[in-house]
Amino acid sequence: MTDHRARFLQLALHAQALRFGQFTLKSGRQSPYFFNAGRFDSGARLAGLAACYADAVEEAGLSFDLLFGPAYKGIPLATAVACEFSRRGRDLPVAFNRKEAKDHGEGGLLIGAPLEDRRVLIVDDVITAGTAIREALGLIRAGGGTPAGIVVALDRQEVLGEPSTDGARRSAAQSVADETGVPVIAVASLHDLLAFAGESADLVHHRDDLLAYRARYGSAAQD
């Protein structure tokens, strides 16, 4: 596991953004872990998280020149990542969307830097069903931008809906990448979480539950 993955998971544990137990997800599944990026709720926590995002993006080698944060959690994330890249010597423009169009003032759905003729990197927390990401891709293209990639904090690497029996076990991230042609990268994944838990005396007792969950709901590509 590369340093930014382990660092991210340690930060998430410390912020209680990553928790273990029994959690009912929006899908109705009973998960042995839960991730909530909203718990990165201070300047220091956001700065640490943004550094992990920036490391993951640099490792992936994506070419982009604007950061886009889908409302709502993507907005502070993209902003924090822009600040981190500025600290590293690269000043990037930032844009984000509203949930509802504004009919006064500057109006519209988009706020921030113009998207036209720019390669846009979407910054978000997770991809669950992919609905918000697909909406963001549509807004970027409508604004004249070119989606260059999507970066999320955690890829749960689990299938959408009920696992199929024909071997076509695609995760939400895989589905978005396959359907849109836009690469999706994650700071860390369930695979990384399993490795991290296996190396921690405090977390190793959760590993069997994580493995059982992955066996039931995991996507085809889990490594």
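Higher on the page you've got the structure.
Quick notes on the rules
- Residues numbered from 1 in each chain as written.
- Predicted model: local features only at pLDDT ≥ 70, side-chain atom pairs only at ≥ 80, totals over all residues.
- Heavy atoms only, no water.
- Helix = DSSP H or I, 4+ residues; strand = E, 2+ residues; numbered from the N terminus.
- Rg over C-alpha atoms; globule rule 2.2 N^0.38 Å.
- Buried < 20%, exposed > 50% of the residue type's maximum accessible area, 1.4 Å probe, protein only.
- Areas by Shrake-Rupley, 256 points an atom, 1.4 Å probe, with all protein chains shown as cover.
- Lys, Arg positive; Asp, Glu negative; His and termini not counted.
- Charge placed at Lys NZ, Arg CZ, Asp CG, Glu CD.
- Core = buried A, V, L, I, M, F, W, Y, C linked by side-chain atoms within 4.5 Å.
- Contact = heavy atoms within 4.5 Å.
- Axes fitted to C-alpha atoms, helices over the stretch in contact; angles between N-to-C directions.
- Parallel < 35°, antiparallel > 145°, perpendicular 65-115°, else oblique.
- Left-handed = near helix turned anticlockwise from the far one by under 90°.
- Nonpolar A, V, L, I, M, F, W, Y, C, P; charged D, E, K, R; others polar.
- Salt bridge = Lys/Arg side-chain N within 4 Å of Asp/Glu carboxyl O.

All right, on to the overall build of the chain then. Helix and strand counts for the chain stand at seven helices and eight strands. For 223 residues, the compact-globule estimate of 2.2 N^0.38 gives 17 Å, and the C-alpha radius of gyration of the chain, at 17 Å, lies within 12% of that figure. In the chain, which comprises 223 residues, the share counted as buried stands at 46%. Roughly 10,700 Å² of accessible area belongs to the chain as shown, and the carbon and sulfur atoms make up 50% of that amount. Separation between the mean location of the 24 positive side-chain charges and that of the 28 negative ones in the chain comes to 2 Å.

Next up on the list: the nonpolar core. Generally speaking, nonpolar side chains in soluble globular proteins are found buried as a group. Phe8, Phe35, Tyr53 and Leu67 are the most contacted members of the largest nonpolar core, which totals 43 residues. Per-element accounting of this core gives the leading share, seven residues, to helix α2 (residues 43-60). When near neighbours in sequence (up to four residues on either side) are disregarded, tyrosine 53 contacts Leu77, Val81, Val123, Asp124, Asp125, Val151, Val152, Ala153 and Val187. Among the nonpolar cores identified, the runner-up in size contains 18 residues, and Ile140, Ile150, Val182 and Ala186 belong to it.

A few words now on the packing of helix α4 (residues 131-142) against helix α5 (residues 172-180). Contact geometry of α4 with α5 gives a least axis separation of 11 Å together with a crossing angle of 30°. Considering the angle they form, α4 stands roughly parallel to α5. Remark: the crossing between α4 and α5 carries right-handed chirality. On α5, the residues touching Ile133, Arg134, Leu137 and Arg141 of α4 are Ser175, Val176, Glu179 and Thr180. For the contact of α4 with α5, the residue count by class is three nonpolar, two polar and three charged.

Another aspect to go through is the pattern of salt bridges. With the rule as written, the count across this model stands at 16 salt bridges. We note a salt bridge from lysine 73 to aspartate 125, for which the minimum N-O separation is 3.8 Å. Linking lysine 73 in the loop between β3 (66-69) and α3 (74-87) with aspartate 125 in the loop between β6 (119-124) and α4, this pair joins segments that are 52 residues apart in sequence. A residue is classified by how much of its surface remains accessible, and lysine 73, at 38% relative accessible area, is partly exposed. Here glutamate 179 makes a salt bridge to arginine 170, at a shortest N to O gap of 3.4 Å.

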